[in-house]
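Below, each chain spelled out in residue letters.
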Amino acid sequence: MTKPSRSIMWFRRDLRLADLPALLAATADGREVVPLFVVDPAFAAAGAPRRAYLHDSLAALDRSIRDRSESRLLIRRGDPTEIVPRLAADLGADEVYVSKDFAPYGRARDEEVSAALRDGGRHLIGVASPYAVAPGGVRKGDGTPYRVFTPFSKVWRQTGIDAPHPEPGDDARWVPAASLDDLAEPIFERPDFETPPVGEEAGHRRWTEFLDAAGAADGTLRSGVEAYHDLRDLPALAGTSRLSADLKWGALHPRTLLADLDLSGSKDDGAVVFASELAWRDFYADVLREHPRSAWWNLDTKFDAMPVDTDAAAKARFDRWAEGTTGFGIVDAGMRQLLATGWMHNRVRMIVASFLVKDLHLPWQWGARWFLQHLIDGDLASNNHGWQWAAGTGTDAAPYFRVFNPTTQQERYDPTGEYVDRWAPDRGEPMLDHRAEREEALRRLATLKASG
DNA sequence: TTTTGAGTTGTTCGA
DNA sequence: GTCGAACAACTCAAA
């Protein structure tokens, strides 16, 4: 047996103990592990739902660690590029383990931390990722990345995905809480906001309910996943998995979910459609890794010439969109659901996004920023590329004529008005004429063609 | 190299 | 009410 050494498990967005390869590596070979989370000051800009959600996720992770060991989650606040190397030195930890982060900010941060650790003879060790297939893992025959989802997903489906990994065993050595208490800081002040049940156990419960034989939201004798294809577009029902925040913060890993799914069905099968959504998550993470600029700039730069409104009147229109007073029922319902709960149904996300871009003629970045501030599941890659999809500037060669009609969408997906009545019972007059604004959007798109 | 088929989620119009 | 066609042109991926 080699000399026991210490490691730090630096949690970022994998806030769980089960199925976490980085944690298994951190505790391997008899290493004594320090579980750490650093609250980055950049996070202070997040909205109340998001801060409350992270607060509760950290509290849940701390409880899980205390339940299984004599240790605790060490919370620090500040710049990770300073805190992590200093802690590693103070605690005598030679290795810092993480799940790899592929987003632009995280990559830059990790490179800096890695360099600082190396100066002290220590190492940052990235193990696995929050994705079923880590970004970079799906490539065309010639080794280049995909820019179109469908061929990506075909290869993704055939890529071997690990079986879920176990939690660290009873033999894992955790640094006693007593030796961390003096170093620890409180999480941060919890905003007064009601979150859904948060954390690893709550996530597994949600997933189990989704798989439950009679869990379908329409009362039919099907599971949620079996009914997923039929019900996922109806925002009045709980027809989606509602696991987006669990996946974002890593209470669950997609590997865990995929292992429970029977994917032998046709392309309309609920499980197959659900797995495809997980593939979208991996796809957008891959696109962001290849094109870091696409977080905030048009992936298709041809659209840089597209006229968008940014003047004072545009800002006033944005405010009405954000607070949910456009006078279009399903738009207002969605925006108010977001403010009230930190979450919005996926179908409605597309509708409000289309409205901001095609009816209000505003930059998609304004909407993306608002979503990231308020969504408990807000993720840079999925969120911003989803917005680029709505704007037609992203990976899919969007048909220029794809403009959502908010009234038609409402009639089709909320026919009884239950969703709209629940969230926006008091809506006023429509703030614009959709037909006229649709034509304006098409005119603006046509200018791209004219300018080549 | 060239060709071919396809590309998440739509809407409108006219028969 | 229902159905199919039209709505740009282009890029991507694979044969």
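Residues numbered from 1 in each chain as written. Chains lettered and ligands numbered in written order. Predicted model: local features only at pLDDT ≥ 70, side-chain atom pairs only at ≥ 80, totals over all residues.

Examining the overall build of chain A
When you go through chain A residue by residue, the secondary structure sums to 18 helices and six strands. In summary, chain A has a C-alpha radius of gyration of 23 Å against a globular reference of 22 Å for 452 residues, a match within 12%. The dimensions of chain A, computed from C-alpha atoms along their principal axes, are 75 × 50 × 50 Å. Within the span of chain A, comprising 452 residues, buried residues form 46% of the whole. The long-range share in chain A, meaning contacts at least 24 apart out of those at least 6 apart in sequence, stands at 76%. (Helix = DSSP H or I, 4+ residues; strand = E, 2+ residues; numbered from the N terminus. Rg over C-alpha atoms; globule rule 2.2 N^0.38 Å. Buried ≥ 20, exposed ≤ 12 C-beta atoms within 10 Å, placed from the backbone. Contact = placed C-beta atoms within 7 Å.)

A closer look at the protein's contact with DNA strand C
Residues in close proximity to DNA strand C total 12 residues, the closest being Tyr146, Val148, Pro151, Tyr400 and Phe401. Class assignment for the residues of the surface near DNA strand C results in eight nonpolar, one polar and three charged. (Near = placed C-beta within 6 Å. Nonpolar A, V, L, I, M, F, W, Y, C, P; charged D, E, K, R; others polar.)

Remarks on the packing of helix α14 (residues 364–374) against helix α15 (residues 380–391)
It is the contact of α14 with α15, at a shortest axis distance of 9 Å, that shows an interaxial angle of 145°. As for how α14 packs across α15, the hand of that crossing is right-handed. Across the interface between the two elements, Trp364, Gly367, Ala368, Phe371 and Leu372 from α14 touch Asn383, Asn384, Trp387, Gln388, Ala390 and Ala391 from α15. Classifying every residue of the contact of α14 with α15 by side-chain character gives seven nonpolar, four polar and no charged. (Axes fitted to C-alpha atoms, helices over the stretch in contact; angles between N-to-C directions. Left-handed = near helix turned anticlockwise from the far one by under 90°.)

Observations concerning the pairing of strand β4 (residues 93–98)
Looking along a regular strand, one sees side chains alternate from face to face of the sheet. Judged from the four bridges that link them, strand β1 (residues 6–11) and β4 form a sheet pairing that is parallel. Note that in β4 the partner of Ser7 across the bridge is Glu95. Where β4 lies against strand β5 (residues 123–126), four bridges are found, and the strand directions are parallel. Opposite Val98, over in β5, you have Gly126 as the bridge partner. (Pairing = 2+ DSSP bridges.)

A look at the domain arrangement of chain A
Splitting chain A by domain gives domain 1 (6–128), domain 2 (202–290) and domain 3 (294–450). Computed from C-alpha atoms alone, the centre-to-centre distance between domain 1 and domain 2 is 28 Å. (Domains from an automatic or database assignment.)

A short note on the environment of Leu356
Summarising the element assignment, Leu356 is placed in helix α13 (residues 346–359). With 27 C-beta atoms counted inside 10 Å, the residue Leu356 sits in the buried group. Sequence separation of Leu356 and Ala390 is 34 residues, and the distance between their C-alpha atoms is 9.4 Å.

Remarks on α13
If you check α13, its first and last C-alpha atoms are 19 Å apart, about what 14 residues at 1.5 Å a residue would give, namely 20 Å. Within α13, 12 of the 14 residues are buried, leaving the element largely enclosed by the surrounding structure. Positive phi appears at His361, one or two residues downstream of α13, with a value of about 60°. (Expected span 1.5 Å × (residues − 1).)

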